[in-house]
Each structure stands twice: as structure tokens, then as C-alpha cells.
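# Chains, contacts and geometry: an overview
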Amino acid sequence: MTTIKTQGAAALPLNAILDGDCIEVMNGLPEASVDLIFADPPYNLQLKSQLHRPDNSQVDAVDDHWDQFASFSAYDRFTRDWLKAARRLLKPNGAIWVIGSYHNIFRVGTALQDAGFWILNDVVWRKSNPMPNFRGKRLTNAHETMIWASKGEGARYTFNYEALKSLNEGVQMRSDWVLPICTGHERLKDENGDKAHPTQKPESLLHRILVGASNPGDVVLDPFFGTGTTGAVAKMLGREFIGIEREAAYREVAGKRIAKVRKYDRDALQVTASKRAEPRIPFGQLVERGLLRPGEQLFSMNQRHKAKVRADGTLVGGDVKGSIHQVGAALENAPSCNGWTYWCFQRDGKKVPIDVLRQQLRAEME
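All residue numbers here refer to positions counted from 1 along the written sequence of the relevant chain. Where local features are concerned, this predicted model is filtered to residues with pLDDT of at least 70; where side-chain atom pairs are given and counted, the filter is 80 or more; whole-chain, interface and lining totals use all residues. Water and hydrogen atoms were dropped before computing side-chain values, which therefore reflect all heavy atoms in the structure.

Heads up, the rule is: UniProt positions are given in the numbering used here, feature names are shortened, and annotations may be inferred rather than shown by experiment.
The protein chain has the name Methyltransferase in an unreviewed UniProt entry, where Cribrihabitans marinus is given as its organism. Of the protein chain, the UniProt comment under Catalytic activity (unreviewed entry) reads exactly: "a 2'-deoxyadenosine in DNA + S-adenosyl-L-methionine = an N(6)-methyl-2'-deoxyadenosine in DNA + S-adenosyl-L-homocysteine + H(+)". Taken verbatim from the UniProt record of the protein chain, the Sequence similarities (unreviewed entry) comment is "Belongs to the N(4)/N(6)-methyltransferase family."

See the structure below:
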């Protein structure tokens, strides 16, 4: 499963599950080599005794040794250390997602900010089928919280806004996500038929994160790999992954799982691009290419105004001269104007928006 990608003098192990302590392993990887980190660290649940249902059957709760810390201060030290190692690995335009429960996420959020990360959103994963509160002494824990952060204040990061909007039937994606927990066929089992991992995350959750915050070919690191949900979804979506997991049993399950995954074809991996991500086409390029001629008349879409195209890609309308945006704004006595949607030209007796010509040039570039 392992491939190697050269990063200067060092090598980056891609599509590999690395054995060892996540902090030590991350410190051994090349600096600024990772595009996105998804981290599902121990929650430090502080479970003191066995949990039983009303019928006295025992709940398969998280009581593993990897979730046990001597104190809050010990957990905080661990959090600061792995976040420092993670930030070192991120590219300048990289980002991190960290998931947790009320037990740990507020402590993690403080550590993120102290480490220099810049919080972009907190996202509530509301579970459509949460485990009930069997003791009846508290509210049912029906959600977990994810923190999305860039490497620092003002840092660039990937956000496929239009793709997430398309996932949400054309409506802007909100910060509360209603998705089910792992059940049925998605829940991985060990050789005894028990849950392979107590906190396996659903693939739908990682699908949404990777589609929204990364691009095909990006390197995604998961320092708490578990049974490999991040790796499986990354492989499907054409991303490279690096997993770190110190528990041999989890590595074995993850390896078998990911080996069965098939990457989607190239066309299927394309997502709806943001308008801002499209190539910039100056209006003057339409004139240079002969799509519009100097002296040709443009008409406002509301039919109230007209202007003449000049050889340098500016317009003149009455006594107003300037760009397609400046002239449109002046004629409408408005503070601003999107000239691409304001102006049209005439062909065969029909009015055609000038944006049609811009899209034609963009298609050529692609």
C-alpha cells in the first residue's frame, strides 16, 4: 500500500499506515508537506465504571487504555504536543479538522488557538441515531463538535463552497450536520463479531469534509487512524493519505478495509467550482481576440443605456469612460456594477450577454 513522494531531501510515505506514537511519527515527516489533517484524538471520557442498560446488559463503551489519562493536565500536554507536530506538517495553505465531545473539545479549542491556528468554524455533527442516555441523569449526547482551523490568521485554505452547496441541494451548507453514526454494514467487526473500534466515524462525515476542504491529489493526514475511515474515503475521492496508528489490531482492520476500496473515476471526482476559482478573463481579452470589435455598441440588459467598445478594452457611454463595471455603475448612478452581467451585445438581431464570451474563453483554457 505504501508509495513514496519526494519532498526535497526527505520522503513522504503516501497511502501508508504508519506504526508508532503519532507525535514521534509526525516529527519524523517532512515539514510543510500535508494539505489537510483530520484528527479524531482520544476524548478522555474519564469513564470510572462499567455502563449498563436498564435491562442490566453492559454497554460497549470506550474504556480502552488509549483513552485514559492521569489528569486533565496530562491530557493538555498530550494535546499541545500533537498539535505542535501537526502544525509543523501543514503547508502554509493547509488546514486541520479536529473532532471531539464535550469531554475534550473545549480544551482542544484552547490548545489550537494557543498553538497559532486560526479557527474558521465549529461544526456540530448532530447524530440522527444517537445512543440513549441509559442512566437517565443527563441529556442524551446527540452530537459531537468539530473545529476547522487554518494554519494561522490570514492564511489561505481550501474551501469548495459551491461543492458543499451542491451537496445540500443548492442551499448554503450550514455548520450543523445531521448524519447517522456507524451502524449496519458500515460498522466494522473483529473476528469475534464485536465492534472493531468503539468510536468509528461514518464515511459520510469524512466525505463531506474532504469534498469541502480538499482537492484531488491533496495529501490528507490522520494521526489517530483507527480503522481507517479517513484513508478509505480519501482513496475513493482521489486524495493521498497518511495514517498513523499505534494499535496493531486497528492497523490490520484498516489495511484490509482500504485494500478493498476503489477510487472513483476522474470525471466523478470533479466538483462544482467556486466562481472565484475560475480563471480570470479581462474584458480587454475579448477585444484582443476579436470576439468584440472596437466601436461596437453594448447595451444594458435593462435597455436603458448603451456604450461603445474602445480598443483598450474600456467603454465610453455619453461622457463616461472606464471599465465595463465603472461605466455601468456611473450610468445607473449606483455604487458598483457587475459589468459582465450588466452589458450585452447584438448578434443576428438578438441580445447576448457579454458573459457568454467570457465563458467561451474559460472553456478554451480548460
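## Regarding the confidence of the model for the protein chain
Where we set the bar: A residue's pLDDT is the confidence the predictor assigns to it, expressed on a 0 to 100 scale. Between two residues, a contact is recorded if the distance between any of their heavy atoms is within 4.5 Å.
Averaged over the protein chain, the pLDDT score is 87; the fraction of residues at 70 or greater is 89%. Contacts for the low-pLDDT stretch residues 47-54, under 50 throughout, to residues beyond four places or in other chains number 18 contacts. Across residues 57-62, where pLDDT falls below 50, the model places 18 contacts with residues more than four positions away in sequence or in other chains.

## Re the nonpolar core
Where we set the bar: We call a set of buried residues a nonpolar core when its members are Ala, Val, Leu, Ile, Met, Phe, Trp, Tyr or Cys and they connect through side-chain atoms within 4.5 Å of each other. Exposure classes here rest on a 1.4 Å probe applied to the protein chains alone. A residue is buried below 20% of its type maximum, exposed above 50%, and partly exposed in between. To qualify as a helix, a DSSP run of H or I must reach at least 4 residues; to qualify as a strand, a run of E must reach at least 2; elements of each kind are numbered from the N terminus.
Ranked by internal contacts, the top residues of the largest apolar core, which has 34 residues, are M26, I37, W82, I96, L112 and L221. Here the element with the most residues in this core is helix 2 (residues 72-89); it accounts for seven residues. Ignoring any residue separated from it by four or fewer positions in sequence, one finds I37 in contact with A86, L90, A95, I96, W97, L221 and P223. Counting residues in each nonpolar core, the second largest holds 33 residues, with Y43, W148, A163 and L205 among its members.

## Brief notes about the sheet that holds strand 12 (residues 306-309)
Stated precisely, the cut-off is as follows: A strand pair is defined by DSSP finding two or more bridges across the two strands. In this analysis an axis means a line fitted to C-alpha atoms, helices contributing only their contacting stretch, and an angle means the value between N-to-C directions, from 0 to 180 degrees.
One open sheet accounts for six strands, arranged 14-13-12-11-15-16; its pairing is antiparallel. A strand with exactly one partner marks an edge of an open sheet, and here the two such strands are strand 14 (320-322) and strand 16 (350-353). Ignoring which end each strand starts from, the neighbouring axes of this sheet average 35 degrees apart. Inspection of the sheet shows strand 11 (residues 297-300) paired to strand 15 (residues 343-347) by two bridges, in the antiparallel sense. Along strand 15, the bridge assignment pairs S300 with W343. Against the sheet, helix 10 (residues 324-332) touches strand 12, strand 13 (315-317), strand 14 and strand 15, its axis set at about 155 degrees to strand 14.

## Examining the pattern of salt bridges
Here is the rule we go by: Here a salt bridge means any side-chain nitrogen of Lys or Arg lying within 4 Å of a carboxyl oxygen belonging to Asp or Glu.
For the structure shown, the criterion picks out 13 salt bridges. For D40, the salt bridge is made with K201, and the minimal N-O distance between the two is 2.8 Å. In this pair, D40 is assigned in the loop between strand 4 (34-39) and helix 2 and K201 in the loop between strand 8 (176-179) and helix 5 (203-213), connecting sequence segments 161 residues apart. Classification of K201 by relative accessible area gives buried; the value is 5%. For R358, the salt bridge is made with D355, and the minimal N-O distance between the two is 2.6 Å. Of this pair, R358 and D355 are both found in helix 12 (residues 355-365), three residues apart, which corresponds to roughly one turn of the helix. Given a relative accessible area of 14%, R358 falls into the buried group.

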